[in-house]
Amino acid sequence: MRKEQRRTGAVTIDETDEMYAEELEAFLIWMKDAGYTVHTQKNYVGDVKQFLCTLRDKPLDQVKKIHVMSYLSKAREGGAGDSTRNRKHAAVSSFFKALQEFELCSTNPASGIKKAKTVRNRMPVYLDENEIRPFLLAVEGKYANRNTAIFLLMVYMGLRVGEVHSLNVSDYSRERRTLDVFGKGRKWRTLPVPEAVCDILDRAVAERLTPWRGKEDAMFVSQKGRRLAVRSIQQIATETFERFQQDKGAQARVAYSSHKLRHTFATMLLRKGADLRTVQELLGHSSIQTTTVYTHVTDREKEKAMDRLDIQVPIK
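Because the structure is a prediction, the values reported are computed rather than measured. (Residues numbered from 1 in each chain as written. Predicted model: local features only at pLDDT ≥ 70, side-chain atom pairs only at ≥ 80, totals over all residues. Heavy atoms only, no water.)

Asker: Please explain the packing of aromatic side chains as it appears in this structure.
Answerer: Two aromatic rings are characterised by how far apart their centres lie and by the angle between their planes. Evaluated as defined, the whole model comprises 13 aromatic pairs. Centre to centre, the rings of Trp30 and Tyr36 are 5.6 Å apart; their planes meet at 50°, and the pair counts as tilted. The class for Trp30 is buried, based on a relative accessible area of 10%. The rings of Phe27, Trp30, Tyr36, Tyr44, Phe51, Tyr71, Phe95 and Phe96 are connected pair by pair, giving a single aromatic cluster. (Phe/Tyr/Trp six-rings, centres within 6.5 Å; stacked < 30°, edge-to-face > 60°. Buried < 20%, exposed > 50% of the residue type's maximum accessible area, 1.4 Å probe, protein only.)

Rendered as structure tokens:
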């Protein structure tokens, strides 16, 4: 079977794991040290393994830009959009960058390849401010306080799903009303916690299950006492959004996700007059350009602005 696969140019994932085991292990170590989230590590390793399968046992020092371009082109043919294509490119580029740092490879054939142009400044999906309370009322179940606290941290403090997942009890100071958040790029930021959020957070911490491991300091744990996984948080959000929209027809429902709560936070702040630099700091963006996506306006706001015009058309 293996000879047949080699003869036809097909290489399985298992064979790739075996052939490039050292390089894949080095890449994983590099990503962990660089502070990549578990979610990103999983996606990047998957993308890199797909790429390695196309090399047909080729030594990595012999890989050229055309091989990377071929992989990205086939991903396009397979239905990958601009964002997915760019992620795969970033994964392969990071892989070779890691190998260069570990002196396992001398070149990075993915460098110099242009990113696909994605639609910029597309209006993010978010909840209107008057929809937040009905959404929170849709939180149900045994762990309602825990789940409500999670959503409050996203919608009123702008935390990412991965940041909620990483929170420890020791990161929260009730006395100072602050929360230390470990975000992207291994950067910490300290956020003020609104009093109303403190109240729910206090309840959630008080009801917190005894962790499965003695040294587990996770703020949010599962029913098994383990740190609540990113996927679990996303699933809780999906189920809550479904209940929130259950009375709407299929065409009227919006494709909400947990990350949309962060969009809601940023949109609310800017509409209330917060300056862009402050919002950037609260969101933990490394570049203010990333924050500008939230400076969108709705059709209703455009209409209101136009209504202020005193249009005078002379009658002839």
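Further notes follow.
Asker: Which parts of the structure should I look at to understand helix 13 (residues 276–283)?
Answerer: The α-helix winds at 3.6 residues per turn, so residues separated by three or four positions along the chain end up facing the same way. For helix 13, the full list of buried residues reads Val279, Gln280 and Leu283. The buried residues of helix 13 all sit within an arc of 105° when viewed along its axis, so they share a single face. Tucked into the core, helix 13 has its buried residues touching strand 3 (187–192), helix 12 (259–271) and helix 14 (288–291). The residue sitting at the N-terminus of helix 13 and contributing the capping side-chain oxygen is Asp275; that oxygen lies 3.1 Å from the backbone nitrogen of Arg277. At the C-terminal side of helix 13, Gly284 shows a positive phi close to 80°. (Helix = DSSP H or I, 4+ residues; strand = E, 2+ residues; numbered from the N terminus. Arc of directions from axis to C-beta. Contact = heavy atoms within 4.5 Å. Polar contact = N/O pair within 3.5 Å; in protein donor to acceptor, adjacent residues only side chain to side chain.)

Asker: So what exactly am I meant to see when it comes to the environment of Asp17 here?
Answerer: Topologically, Asp17 is positioned in helix 2 (residues 13–19). Measuring from C-alpha to C-alpha, the distance between Asp17 and Leu270 comes to 47 Å, with 253 residues separating the pair along the chain. At a separation of 3.0 Å, a polar atom in the side chain of Asp17 contacts the side chain of Lys49.

Asker: Any chance you could explain the packing of helix 4 (residues 38–53) against helix 6 (residues 82–101) here in plain terms?
Answerer: When two helices pack together, their arrangement is given by the angle between the helix axes and by the axis-to-axis distance. Between helix 4 and helix 6, whose axes approach to 9 Å, the crossing angle comes to 85°. It follows from the interaxial angle that helix 4 and helix 6 lie roughly perpendicular. Within the contact between the two elements, helix 4 uses Asn43, Tyr44, Asp47, Val48, Gln50, Phe51 and Leu52 and helix 6 uses Arg87, Lys88, Ala90, Ala91, Val92, Ser94, Phe95 and Phe96. Residue composition of the contact of helix 4 with helix 6, by class: nine nonpolar, three polar and three charged. (Axes fitted to C-alpha atoms, helices over the stretch in contact; angles between N-to-C directions. Parallel < 35°, antiparallel > 145°, perpendicular 65-115°, else oblique. Nonpolar A, V, L, I, M, F, W, Y, C, P; charged D, E, K, R; others polar.)

Asker: Hey, could you run me through the sheet that holds strand 2 (residues 178–183) in this one?
Answerer: Where strands meet in a sheet, backbone hydrogen bonds hold them as pairs that are either parallel or antiparallel. Across the sheet, three strands lie side by side as 1-2-3; this open sheet has antiparallel pairing. Two strands close off the open sheet at either side, each with one partner strand: strand 1 (172–173) and strand 3. Bridging between strand 2 and strand 3 involves six bridges; their strand directions are antiparallel. Counterpart to Leu179 in the pairing with strand 3 is Leu191. (Pairing = 2+ DSSP bridges.)

Asker: Before we go on, may I ask you to explain the confidence of the model for the protein chain in this structure?
Answerer: Low-pLDDT portions of the prediction should not be read for the details of their coordinates. Looking at the protein chain as a whole, its pLDDT mean stands at 86, while 90% of the residues score no less than 70. Put simply, helix 1 (residues 2–8) is where the protein chain has its lowest mean pLDDT, 36, and strand 1 is where it has its highest, 96. (pLDDT = per-residue confidence, 0-100.)

Asker: When you look at the environment of Gly162 in this model, what are you seeing that I'm missing?
Answerer: Along the chain, Gly162 falls in helix 9 (residues 161–166). Each C-alpha atom of the pair Gly162 and Val38 lies 8.5 Å from the other, and the pair is 124 residues apart in sequence.

Asker: Looking at this structure, how should I read the layout of surface pockets?
Answerer: A probe matching the size of a water molecule, rolled over the atoms, marks out where space remains unfilled. Taken as a whole, the second largest pocket encloses approximately 170 Å³ of empty space. The wall of the second largest pocket is formed by Val38, His39, Lys42, Asn43, His165, Ala229, Val230, Arg231 and Gln234. When contributions to the lining of the second largest pocket are tallied by element, the ones reaching two or more residues are helix 4 and helix 11 (230–244). Partitioned by chemical class, the residues of the lining of the second largest pocket number three nonpolar, four polar and two charged. (1 Å grid on protein atoms, 1.4 Å probe; cavity = no way out; pocket = protein on both sides within 12 Å on 5 of 7 lines; lining within 4 Å. Points joined across faces, edges and corners; volume = space filled by probe spheres on them.)

Asker: When you look at unusual backbone geometry in this model, what are you seeing that I'm missing?
Answerer: Across residues other than glycine, the phi torsion is negative in most instances, and most of the peptide bonds are trans. Phi angles above zero are rare outside glycine, and Glu103 is one such case at about 60°. Glu103 sits in the exposed class, given a relative accessible area of 71%. Look at Arg177: it is not a glycine, yet its phi comes out positive at around 60°. Structurally, Arg177 is set in the loop between strand 1 and strand 2. Under the relative-accessibility criterion, Arg177 is labelled partly exposed at 35%.

Asker: Mind showing me how you'd approach helix 4 here?
Answerer: Given a rise of 1.5 Å per residue, 16 residues ought to cover 22 Å, and the 23 Å separating the end C-alpha atoms of helix 4 matches this to within 8%. Along helix 4, the residues classified as buried are Gln41, Tyr44, Val45, Asp47, Val48, Lys49, Phe51, Leu52 and Cys53. (Expected span 1.5 Å × (residues − 1).)

Asker: I keep staring at the pairing of strand 2 and nothing clicks. Help me out?
Answerer: Successive side chains on a regular strand alternate, one facing one side of the sheet and the next facing the other. As judged from the two bridges shared by strand 1 and strand 2, these two strands associate in the antiparallel manner. Residue Ser173 lies in a different strand from strand 2, and its bridge partner there is Thr178.

Asker: Please clarify how the pattern of salt bridges should be interpreted in this entry.
Answerer: Side-chain pairs of opposite charge can arise whenever the charged atoms involved come near each other. Inspection of every chain in the model, using the stated rule, returns 12 salt bridges. Note that Lys49 and Asp17 form a salt bridge whose closest N and O atoms lie 3.0 Å from each other. You can see Lys49 sitting in helix 4 and its partner Asp17 sitting in helix 2, a full 32 residues away along the chain. Of the charged contacts, one joins Glu140 and Arg243 as a salt bridge, the two residues approaching to 3.7 Å between their closest N and O atoms. Of this pair, Glu140 sits in the loop between helix 7 (132–137) and helix 8 (144–155) while Arg243 sits in helix 11, and the two are 103 residues apart along the sequence. Judged by its relative accessible area of 25%, Arg243 is partly exposed. (Salt bridge = Lys/Arg side-chain N within 4 Å of Asp/Glu carboxyl O.)

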